[in-house]
Amino acid sequence: AQTVTQSQPEMSVQEAETVTLSCTYDTSENNYYLFWYKQPPSRQMILVIRQEAYKQQNATENRFSVNFQKAAKSFSLKISDSQLGDTAMYFCAFMGSNTNAGKSTFGDGTTLTVKP
Amino acid sequence: GAGVSQTPSNKVTEKGKYVELRCDPISGHTALYWYRQSLGQGPEFLIYFQGTGAADDSGLPNDRFFAVRPEGSVSTLKIQRTERGDSAVYLCASSFDRRPPLHFGNGTRLTVT
């Protein structure tokens, strides 16, 4: 079974600075997807960034980038130039592409607070 | 519609009652997922549908939980004899043919008193 671990329950950062959220996972699959989702108080899970395991290049979406270390099973999220609107809960998630396709496993989240 | 729609937004029920939670996925999405999110935790997988059939229901906690998707679009999650431990946010998501990303609705917050 897959597991996803987020070791930082809470993080804070000053507006305009950079913060990194950690995520590690465990799987025996070779092909899979990794995601970071943002969940504001509205409860909707919003996709921030995704990474396909077969791609060596780290994904980037504007101020958001990941550091994907496949051998170490690590997938951290870096938020640059933090904004007040980035305040939310962030979840790391794994989705297999083979036998477990369709069933995502989520970590327990990191609550990020951006301070003015 | 433009996104995944879940109704009701909030549901309060008494212990022992029956509840139905509805999910209307994005038009054209063949895969539909249900997750349960308890306070302070990440979403936990319950069940997913590919078309009308349940492709994987291994996450349903017990036989009080059941979900249907009779026409391959709208899905209903049904909970019988509710218990206080069922209180959580129930999230629905959809995707095109099991391919990521998942598009989530705003969830239904279920409170069992």
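Residues numbered from 1 in each chain as written. Chains lettered and ligands numbered in written order. Predicted model: local features only at pLDDT ≥ 70, side-chain atom pairs only at ≥ 80, totals over all residues. Heavy atoms only, no water.

With that out of the way, let us pick up the side chain of B:Thr108. Note that B:Thr108 resides in strand β11 (residues 108-112). Residue class for B:Thr108 comes out buried when judged on its relative accessible area of 0%. B:Thr108 has contacts with A:Arg43, B:Gln6, B:Thr7, B:Pro8, B:Ser9, B:Lys11, B:Leu21, B:Ala88, B:Val89 and B:Tyr90, leaving out every residue within four places of it along the chain. (Helix = DSSP H or I, 4+ residues; strand = E, 2+ residues; numbered from the N terminus. Buried < 20%, exposed > 50% of the residue type's maximum accessible area, 1.4 Å probe, protein only. Contact = heavy atoms within 4.5 Å.)

What follows concerns the side chain of A:Ser104. Its location among the elements puts A:Ser104 in strand β11 (residues 104-106). Residue contacts for A:Ser104: discarding those within four places in its chain leaves A:Phe94, A:Met95, B:Tyr35, B:Phe45 and B:Leu102.

This part covers the state of the cysteines. Structurally, a disulfide amounts to a covalent bond that connects the sulfur atoms of two cysteines. One pass over the full model with this rule turns up two disulfides over all chains. A sulfur-sulfur distance of 2.0 Å marks the disulfide that ties A:Cys23 to A:Cys92. Because the sign of the S-S torsion sets the handedness, a value of about -70 degrees for the bond joining A:Cys23 and A:Cys92 places this disulfide among the left-handed ones. Placement of the pair is A:Cys23 in the loop between β3 (19-21) and β4 (24-26) and A:Cys92 in strand β10 (residues 88-96), with a sequence separation of 69 residues. Accessibility classification places A:Cys23 together with A:Cys92 in one group, the buried group. Across a sulfur-sulfur distance of 1.8 Å, B:Cys23 and B:Cys92 are joined as a disulfide pair. Measuring handedness by torsion sign, the sulfur bridge of B:Cys23 and B:Cys92 sits at about -70 degrees and is left-handed. Linking B:Cys23 in strand β3 (residues 19-24) with B:Cys92 in strand β9 (residues 88-95), this pair joins segments that are 69 residues apart in sequence. Residues B:Cys23 and B:Cys92 agree in their burial class; the two are buried. (Disulfide = S-S within 2.5 Å.)

To continue, consider the packing of aromatic side chains. Across all of its chains, the model carries 15 aromatic pairs over all chains by this definition. Taking 5.6 Å as the distance between ring centres and 80 degrees as the angle between the ring planes, the aromatic pair formed by A:Phe106 and B:Tyr35 counts as edge-to-face. Remark: B:Tyr35 occurs in strand β4 (residues 31-37) and A:Phe106 occurs in strand β11; the pair is interchain, linking two chains. A residue is classified by how much of its surface remains accessible, and A:Phe106, at 8% relative accessible area, is buried. Linked through ring pairs, A:Tyr33, A:Phe35, A:Tyr37, A:Phe106, B:Tyr33, B:Tyr35, B:Phe45, B:Tyr48 and B:Phe104 together constitute an aromatic cluster. (Phe/Tyr/Trp six-rings, centres within 6.5 Å; stacked < 30°, edge-to-face > 60°.)

The tally for this structure, following the rule as stated, stands at seven salt bridges over all chains. We note a salt bridge from B:Arg22 to B:Asp24, for which the minimum N-O separation is 3.9 Å. Under the relative-accessibility criterion, B:Asp24 is labelled partly exposed at 29%. Residue B:Glu83 pairs with B:Arg64 through a salt bridge whose shortest N-O separation is 3.6 Å. With B:Glu83 in the loop between β8 (75-79) and β9 and B:Arg64 in the loop between β6 (53-56) and β7 (65-68), this pair connects stretches of sequence that are 19 residues apart. By relative accessible area, which is 40% here, B:Glu83 ends up partly exposed. Overlapping salt bridges bring together A:Arg50, A:Glu52 and A:Lys55 as one network. (Salt bridge = Lys/Arg side-chain N within 4 Å of Asp/Glu carboxyl O.)

Function-wise, these values are silent; they only describe arrangement.
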